Amino acid sequence: MNKTTWLTIGAVATAAILVVGCDTFERGNHHASSLYAYLYSGQKEHVDAPAIPVLSLPLRVGVAFVPTDNGNEGRHYSYTADDLVLSESQKLELMKQVSAQFKKYPFVKSIELIPTTYLTPRGGFANLDQIRTMYDVDVVALISYDQVQFTGEGALSLTYWTIVGAYVVPGEKNDTRTMLDAAVYDIASRKLLFRAPGVGNVKGSATPVNLSDQLRADSLKSFEAAATNLVDNLQIQLADFKERVAHAPTEYKIEYKPGYTGSGAFDAVGTMIVGGLGAGFLWLRRNRKI
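Residues numbered from 1 in each chain as written. Predicted model: local features only at pLDDT ≥ 70, side-chain atom pairs only at ≥ 80, totals over all residues. Heavy atoms only, no water.

**Quick word on the side chain of Thr-178**
Next, step 1: Checked against the element boundaries, Thr-178 lands in strand 8 (residues 175-186).
Next, step 2: Looking at Thr-178, its side chain comes within polar contact range of the side chain of Gln-147, at 2.7 Å.
Next, step 3: Within polar-contact distance, the side chain of Thr-178 engages the side chain of Ser-222 at 2.5 Å.
Next, step 4: Among residues more than four places away in sequence, those in contact with Thr-178 are Asp-146, Gln-147, Gly-198, Val-199, Gly-200, Asn-201, Ser-222, Phe-223 and Ala-226. (Helix = DSSP H or I, 4+ residues; strand = E, 2+ residues; numbered from the N terminus. Polar contact = N/O pair within 3.5 Å; in protein donor to acceptor, adjacent residues only side chain to side chain. Contact = heavy atoms within 4.5 Å.)

**Overview of the nonpolar core**
Next, step 1: Counting 34 residues, the largest nonpolar core has Phe-102, Ile-143 and Leu-180 as the members making the most contacts within it.
Next, step 2: Among the secondary structure elements, those contributing two or more residues to this core are strand 2 (54-57), strand 3 (59-65), helix 3 (88-102), strand 4 (108-114), strand 5 (139-150), strand 8, strand 9 (191-203) and helix 5 (211-247).
Next, step 3: The element best represented in this core is helix 5, accounting for eight residues.
Next, step 4: Excluding residues within four positions of it along the chain, Leu-180 makes contact with Leu-94, Ile-143, Ser-144, Tyr-145, Ala-196, Pro-197, Gly-198, Phe-223, Ala-226, Ala-227 and Leu-230.
Next, step 5: Formed by 19 residues, the second largest nonpolar core is a distinct cluster that contains Leu-128, Ile-131, Leu-142 and Ala-183. (Core = buried A, V, L, I, M, F, W, Y, C linked by side-chain atoms within 4.5 Å. Buried < 20%, exposed > 50% of the residue type's maximum accessible area, 1.4 Å probe, protein only.)

**Side note on the confidence of the model for the protein chain**
Next, step 1: When pLDDT is averaged along the protein chain, the result is 74; 62% of the residues meet or exceed 70.
Next, step 2: For the stretch residues 72-83, pLDDT sits under 50, and the model shows 25 contacts to residues farther than four places along the chain or on other chains.
Next, step 3: Low pLDDT (under 50) marks residues 268-285, which in the prediction has 10 contacts with non-local residues, meaning those over four places away or in another chain. (pLDDT = per-residue confidence, 0-100.)

**Focus: the pairing of strand 5**
Next, step 1: Judged by how many residues are buried, strand 5 sits mostly within the fold: 12 of 12 residues are covered.
Next, step 2: Covered by surrounding structure in strand 5 are Val-139, Ala-141, Ile-143, Tyr-145, Gln-147 and Gln-149 together with Val-140, Leu-142, Ser-144, Asp-146, Val-148 and Phe-150, the residues of both alternating faces.
Next, step 3: For strand 3 and strand 5, the ladder comprises five bridges, and the chain directions are parallel. Across the sheet, residue Val-61 finds its bridge partner in strand 5, namely Val-139.
Next, step 4: Pairing analysis gives 12 bridges linking strand 5 to strand 8, with the strands arranged antiparallel. Note on strand 8: the bridge partner recorded for Gln-147 is Thr-178. (Pairing = 2+ DSSP bridges.)

**Regarding the environment of Ala-225**
Next, step 1: Among the structural elements, Ala-225 can be located in helix 5.
Next, step 2: Judged by relative accessible area, Ala-225 falls into the partly exposed class, the value being 33%.
Next, step 3: Measuring from C-alpha to C-alpha, the distance between Ala-225 and Thr-178 comes to 8.5 Å, with 47 residues separating the pair along the chain.
Next, step 4: Once residues lying within four places of it in the same chain are set aside, the contact partners of Ala-225 are Val-199 and Gly-200.

Here it is in structure tokens:
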């Protein structure tokens, strides 16, 4: 054989090894409900119309899980009925944990736990407008998840898109990596108010005999760890959001519903105003202007 023939055979063999390698080294389970796909139909780029959210206090908050979209299944990962996905009762429990964080703040009037069945895959803001009318909510906390279980050999990774960009999740054999994400939107303005992520990693050591059972157990442990991390981060983001609203009057407009005085809600705004007036009054008195 001449040199060209050997090069051709070598190229074909290399390609074959790479193809087999992908199928061998990237096996696993993947479960996801994409917030990006739900709001923006899976596009990798989007442009939000600029709008200043009008926060009418006290807020009525909805909490819901983003629906799964089987049309977004990735390559080299299995999607079977035996794969563990969060049950409705588990979703409800997590939504209750998220709701408990909002209830700590006096500017929240009520919280509605919205069943996933009311959210349409790729429904976008049009679907959220329906939710807003149906449940009479002002803002909504949308919870999405992405879990990967690597069951192949070698170093693996998965790249997936979130509302703020791409995340790369590394993994090794029998690793279970989970990311939960709570994104809070003002529905009317389409503005993302804040978000809180939660990550859970579980390193397994299953043998081929008990691999299925072990993966199920690892899946649940990883979800639980991610949920705990999400709730912790949500506390931080809620407190930070309150401060941002109080100190950024040009970015948020605050109104009060009839009968609500605003006591205890974003008090920093009132404190700043009163404090500023008081300081000015004392300065004038000291300088005998009054």
